[in-house]
Amino acid sequence: MTMAIMEIFMQERDGHPPVIFALASGLSRAAIAVMRLSGRGTGRIVESLCGRLPLPRRASLRGLWRRDGGTPVLLDRALVLWFPGPDSYTGEDSAELHLHAGPAVINAVADALVALGARPAEPGEFSRRAFMHGRMDLMQAEGIADLIEAETEAQRQQALSQVDGAQSRLYQHWADRLRTLLAHQEALIDFPDEELPPEVEQELCNGLRELHDTMQAYLAEGDGAERLRRGLVFAIVGEPNVGKSSLLNALAGRDAAIVSSRAGTTRDAIEVRMVMGNVPVTLVDTAGLRETEDEIEAEGVRRSLFHVKQADCVVQVFAGNPAPPSLDGADVLVCNKTDLTPAPDGAIGISVLTNTGMDVLRTVLADKARALTAGRVAAPFTRARHRAAIEETVRHIGQALTMPWPEMRGEEMRLAMRALGRLTGAVDVEALLDTVFGQFCIGK
């Protein structure tokens, strides 16, 4: 066993996490690559590479040397930044090496770090360590992941608000209120003969009911942010040969789907990712809806109906007059080929061939995307995990309000506190960590 591997083994056995490193700037070809390090012993490793530590939070140009035997070997000349803990991203001693981004340079520095006792970071491990050291809570950690993945300005603003703690502050306010109510409940349990004022229990129940109703309203009005984070799905459906694929191509601005005068050309769903109303939208071109003996086309029709049920918005396309019966769930009715036949009342008339009405349709779809993701509450939840935890909290508070005995009411309130604490990681978070942090890129 080499000295480097032995050192890692000893660190982990003694409860001191080893120094981790990762390429924080990604693997694409660029001029500069940022190698991030964190953990107890980072300062020793940086000293070994460049001779001495630079001043904290001051970029310093240094030569990086490998000195593990024989003549020292120059690996690169790089900018080195030193962030002593706890004032760092992770709360640990940390450093950044701004290297020239050639693969040979990156590999040579990585090999030198391993030889000095560091190991490659796992996905999300930097942010996980930041969480463990109290530098952020789970909500903020998820916000960082969303900020990295943000495609649009609206997503960026939403993620940044979460990183800044808007959701955490709201949930902490609820937790503080619930904790106060629970303290009153414990007083009623522990001191039944102390002649506590009779209004204490009534105020307790009123406070629980107010918190229950507030959280219930939040659930009812706050799901637009969850849609914004994941993006919307708009399904284009209709009978064969009405121009669904042509419409998809026109909206996407490229030939994403095959267009043919032969009915039934589209046999499977074709997806195109684009932005509408500053919201990421996946347009899905589906097989034409009709009775058919063709086994493959019938499967395409079945999948089309599935997309109708799953879509956030259904765009039903037809050609001719009158309009066909509207599908259940159809949100936007579009009449194509108005260069041949006028559109009936209630439908948006377009001609993909002549581009007539396309600007109007784009505006309608963009407005639809904005409406579906509109935030009607402060600091709305952005994930199914958040909804589930809040729903569980509301359920336990509701149960507490129905309990005739103080002890039973107090137990339901404690369960509500535990469910609410899982949002920010205050309690019972170990089972969540791999899921929350596993979505990160390696260097974040």
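Residues numbered from 1 in each chain as written. Predicted model: local features only at pLDDT ≥ 70, side-chain atom pairs only at ≥ 80, totals over all residues. Heavy atoms only, no water.

A. Broad picture of the overall build of the protein. Each helix and strand in the protein was counted, giving 15 helices and twelve strands. Across the 444 residues of the protein, 47% fall into the buried class. Counting contacts in the protein only where the partners sit at least 6 residues apart, residues at least 24 apart contribute 61% of the total. Accessible surface for the protein amounts to roughly 22,200 Å². Of this, 53% is attributable to carbon and sulfur atoms. (Helix = DSSP H or I, 4+ residues; strand = E, 2+ residues; numbered from the N terminus. Buried < 20%, exposed > 50% of the residue type's maximum accessible area, 1.4 Å probe, protein only. Contact = heavy atoms within 4.5 Å. Areas by Shrake-Rupley, 256 points an atom, 1.4 Å probe, with all protein chains shown as cover.)

B. Examining the side chain of Thr 90 more closely. Along the polypeptide, Thr 90 turns up in the loop between strand E4 (73-83) and strand E5 (94-100). One polar contact links the side chain of Thr 90 to the main-chain amide nitrogen of Glu 92, over a distance of 3.2 Å. Engagement of the side chain of Thr 90 in a polar contact is seen with the side chain of Ser 94, the distance being 3.2 Å. Sequence-distant contacts of Thr 90, that is, excluding residues within four places in its chain, are made with Ser 38, Phe 126, Arg 129, Ala 130, His 133 and Arg 135. (Polar contact = N/O pair within 3.5 Å; in protein donor to acceptor, adjacent residues only side chain to side chain.)

C. Quick peek at the environment of Leu 113. Among the structural elements, Leu 113 can be located in helix H3 (residues 103-115). Between the C-alpha atoms of Leu 113 and Leu 37, which are 76 residues apart in sequence, the distance is 9.3 Å. With near-sequence residues (within four places) excluded, Leu 113 lies in contact with Phe 21, Met 35, Leu 37, Ile 45, Leu 49 and Ala 118.

D. Highlighting helix H5 (residues 138-149). The terminal C-alpha atoms of H5 lie 17 Å apart, and with twelve residues this matches the ideal 16 Å at 1.5 Å per residue to within 8%. When you tally the buried positions in H5, you get nine out of twelve residues, the bulk of the element. For H5, the complete set of buried residues consists of Leu 138, Met 139, Gln 140, Ala 141, Glu 142, Gly 143, Ile 144, Ala 145 and Asp 146. Residue Asp 137 occupies the N-cap position of H5, its side-chain oxygen lying 3.0 Å from the main-chain nitrogen of Met 139. (Expected span 1.5 Å × (residues − 1).)

E. Spotlight on H3. For H3, which comprises 13 residues, the first-to-last C-alpha distance of 18 Å matches the rise-based estimate of 18 Å (1.5 Å per residue) to within 8%. Within the span of H3, buried status applies to Val 105, Ile 106, Val 109, Ala 110, Ala 112 and Leu 113. On an axial view of H3, the arc spanned by its buried residues comes to 160°, and they lie on one face. Packing partners of the buried residues in H3 comprise strand E1 (20-23), strand E2 (32-38), helix H2 (42-50), strand E3 (60-66), E4 and E5. Following H3 by one or two positions, Gly 117 adopts a phi angle in the positive range, close to 105°. (Arc of directions from axis to C-beta.)

F. Molecular detail of the sheet that holds E4. An order of E3-E4-E5-E2-E1-E6 is seen for the six strands of this open sheet, with the pairing classed as mixed. Lying at the two open borders of the sheet, with one neighbouring strand each, are E3 and strand E6 (119-120). Bridge count for E2 against E5 is seven bridges, and the pairing is antiparallel. Considered in E5, the bridge of Ala 33 is made with Leu 99. Relative to the sheet, helix H4 (residues 125-132) contacts E1, E2 and E6, its axis offset from that of E1 by approximately 135°. (Pairing = 2+ DSSP bridges. Axes fitted to C-alpha atoms, helices over the stretch in contact; angles between N-to-C directions.)

G. Structural context of the confidence of the model for the protein. Chain-level pLDDT for the protein is 82 on average; 81% of the residues reach the 70-or-more range. Between residues 1-13, whose pLDDT stays under 50, and residues either more than four places distant or in other chains, the model counts 17 contacts. For residues 258-267, every residue scores under 50 in pLDDT, and the model assigns this stretch 24 contacts once sequence neighbours within four places are set aside. (pLDDT = per-residue confidence, 0-100.)

H. Main features of the packing of aromatic side chains. For the coordinates displayed, the defined rule picks out four aromatic pairs. Arranged with centres 5.1 Å apart and planes meeting at 90°, the rings of Trp 174 and Tyr 218 form a pair that is edge-to-face. Highlighted residues: Trp 174 in helix H7 (residues 166-190) and Tyr 218 in helix H8 (residues 199-221), separated in sequence by 44 residues. As far as burial versus exposure is concerned, Trp 174 and Tyr 218 are alike and both buried. Relative to Phe 381, the ring of Tyr 218 lies with its centre 5.8 Å away and its plane at 55°, an arrangement referred to as tilted. (Phe/Tyr/Trp six-rings, centres within 6.5 Å; stacked < 30°, edge-to-face > 60°.)

I. Main features of the pairing of E5. Most of E5 is tucked away, with five of its seven residues classed as buried. Of the pairings in the sheet, the one linking E4 to E5 comprises five bridges and is antiparallel in character. Of the residues in E5, the one forming a bridge with Val 80 is Leu 97.

J. Main features of unusual backbone geometry. Of note, the amide linkage connecting Gly 85 to Pro 86 takes the cis form, showing an omega dihedral of 5°. Tracing the backbone through its elements, the reader meets Pro 86 in the loop between E4 and E5. With a phi close to 65°, Asn 278 is a non-glycine residue in the positive phi region. With respect to the helices and strands, Asn 278 occurs in the loop between strand E8 (270-276) and strand E9 (279-285). Backbone geometry places Lys 337, a non-glycine residue, at a positive phi of 65°. Within the secondary structure, Lys 337 is located in the loop between strand E11 (330-336) and strand E12 (348-349). Look at Lys 337 and you get partly exposed, because its relative accessible area is 30%.

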